[in-house]
Amino acid sequence: MAKVFDSISDKLQDFIAAQQIFFVATAPLSPSGHVNLSPKGLDSFRVLSPNRVAYIDFTGSGNETSAHLQENGRITFMFCAFEGAPLILRLYGQGRTVLPDDSEWLVLSPLFPAIPGARQIIVADIDRVQTSCGAGVPLYEFQGQRDVMVNWAINKGETGLQDYWYEKNRASIDGLPTPLADFI
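Owing to the predicted nature of the structure, the values given are computational and were not obtained by experimental measurement.

Caption draft 1: Representation of the UniProt feature "domain: Pyridoxamine 5'-phosphate oxidase N-terminal" (unreviewed entry) in the protein in the model. Mapped onto the present numbering, the UniProt feature "domain: Pyridoxamine 5'-phosphate oxidase N-terminal" (unreviewed entry) falls at residues 9-133. Here residues 9-133 runs as 18% helix and 44% strand, with 17 Å between its end C-alpha atoms.

Dropping the structure here:
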């Protein structure tokens, strides 16, 4: 049975910190636009307060989350217990993108490990916290984080990453601009 809370409790914060993967969902306003759902890892999520979270976002083949947030701000995070007692946690809120040239970057970026390929930080104000049983989620054993993206970013170098952002990350697959469009 689902339970709804106004904020992230200490117990739920501990649950979040123990997870090796989380999922981010956003969508454009257009009914013909594509909903985006992305898995994330690499020690990239932080609870900033009971109603504010952030994650450092790494270079990827697209930039849907950032485009959708710029358009409408809606964001949902999901955490699943793949080990131990079953639990699904969803955080609903309004998000925004913080780029490396924003003054807030200097405050937020030290909260995360320095991992090559970081392109932006997503910050969200959470207005609904919901748990559900998760009894249908299978058990998995964590083996480790992959190093493919990190090695790819190292090989690209700073200029190569910015060229990649220019080519692949300035607009969503539906043509919505991202904040990176003005950054590069």
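Caption draft 2: Representation of the state of the cysteines within the structure. Enumeration according to the criterion identifies zero disulfides in this entry. Sulfur of Cys80: no disulfide; nearest cysteine sulfur belongs to Cys133 and is 11 Å away. Looking at Cys133, the relative accessible area reads 45%, which means it is partly exposed.

Caption draft 3: A look at the pattern of salt bridges. In this structure the tally under the stated criterion is five salt bridges. In this structure, Arg52 and Asp125 form a salt bridge, with 2.6 Å as the shortest nitrogen-oxygen distance. Of this pair, Arg52 sits in strand β5 (residues 52-58) while Asp125 sits in strand β8 (residues 118-132), placing them 73 residues apart in sequence. The exposure class assigned to Arg52 is partly exposed, which follows from its relative accessible area of 33%. When salt bridges with common partners are traced through the structure, they connect Lys40, Asp57 and Arg119 into a single cluster.

Caption draft 4: Region of interest: helix α2 (residues 64-71). Of all the eight residues making up α2, six are buried; the element is thus mostly covered by neighbouring parts of the structure. By the burial criterion, the buried members of α2 are Glu64, Thr65, Ser66, Ala67, His68 and Leu69. Buried residues along α2 sit against β2 (22-26), β3 (36-40), β5, β6 (74-80), β7 (88-98) and β8. Positioned one or two residues after α2, Gly73 has a phi angle of 80°, which is positive.

Caption draft 5: Here's a closer look at the pairing of β5. Counting buried positions over the seven residues of β5 gives six, a clear majority of the element. Pairing of strand β4 (residues 45-49) with β5 involves four bridges; the strand directions are antiparallel. Across the sheet, Val47 pairs through a bridge with Val53, a residue of β5. Turn length for the β4-β5 hairpin, with the two strands adjacent in sequence and antiparallel, is two residues. Pairing analysis gives seven bridges linking β5 to β8, with the strands arranged antiparallel. Each bridged residue has a counterpart across the sheet, and for Tyr55 the counterpart in β8 is Ile122.

Caption draft 6: Expanded view of the nonpolar core. Counting 21 residues, the largest nonpolar core has Phe45, Val53, Phe77, Phe79 and Leu91 as its most contacted members. Of all the elements in the fold, those that place two or more residues in this core are α1 (10-18), β2, β4, β5, β6, β7 and β8. Here this core gets four residues from one element, more than from any other, and that element is β8. Those residues in contact with Phe45 that sit more than four places away from it in its chain are Ile16, Phe22, Val53, Ala54, Tyr55, Phe77, Phe79, Leu91 and Phe112. One finds Ile56, Phe58, Ile115 and Ile121 within the second-largest nonpolar core, a separate group that totals twelve residues.

Caption draft 7: Representation of the side chain of Thr65 within the structure. Topologically, Thr65 is positioned in helix α2. Separated by 3.4 Å, the side chains of Thr65 and Asn36 make a polar contact. Residues within four places of Thr65 in sequence aside, it is in contact with Val24, Thr26, Asn36, Tyr55, Ile75 and Ile122.

Cut-off values and rules
- Every residue gets a number counted from 1 within its own chain, in the order that chain's sequence is written.
- Given that this is a predicted model, residues contribute local features only at a pLDDT of at least 70 and side-chain atom pairs are listed and counted only at 80 or more, while totals for whole chains, interfaces and linings are drawn from all residues.
- As a rule here, side-chain values come from all non-hydrogen atoms in the structure, and water together with hydrogens is ignored.
- UniProt positions are given in the numbering used here, feature names are shortened, and annotations may be inferred rather than shown by experiment.
- Helix and strand definitions follow DSSP, with helices as H or I runs of at least four residues and strands as E runs of at least two, each counted in order from the N terminus.
- Criterion for a disulfide: a pair of cysteine sulfur atoms within 2.5 Å.
- The buried label applies to any residue whose accessible area, calculated with a 1.4 Å probe on protein chains only, is under 20% of its type's maximum; exposed applies above 50%, and partly exposed to all values in between.
- For this analysis, a salt bridge means a side-chain nitrogen from Lys or Arg found within 4 Å of a carboxyl oxygen belonging to Asp or Glu.
- In what follows, residue pairs with any heavy atoms lying within 4.5 Å of each other are defined as contacts.
- Strands were regarded as paired on the criterion that DSSP finds at least two bridges between them.
- Definition used in this section: a nonpolar core is a set of buried Ala, Val, Leu, Ile, Met, Phe, Trp, Tyr and Cys residues joined via side-chain atoms within 4.5 Å.
- Pairing of N or O atoms within 3.5 Å defines a polar contact, subject to two protein rules: one partner must be a possible hydrogen donor and the other a possible acceptor, and residues neighboring in sequence count only if both atoms are side-chain atoms.

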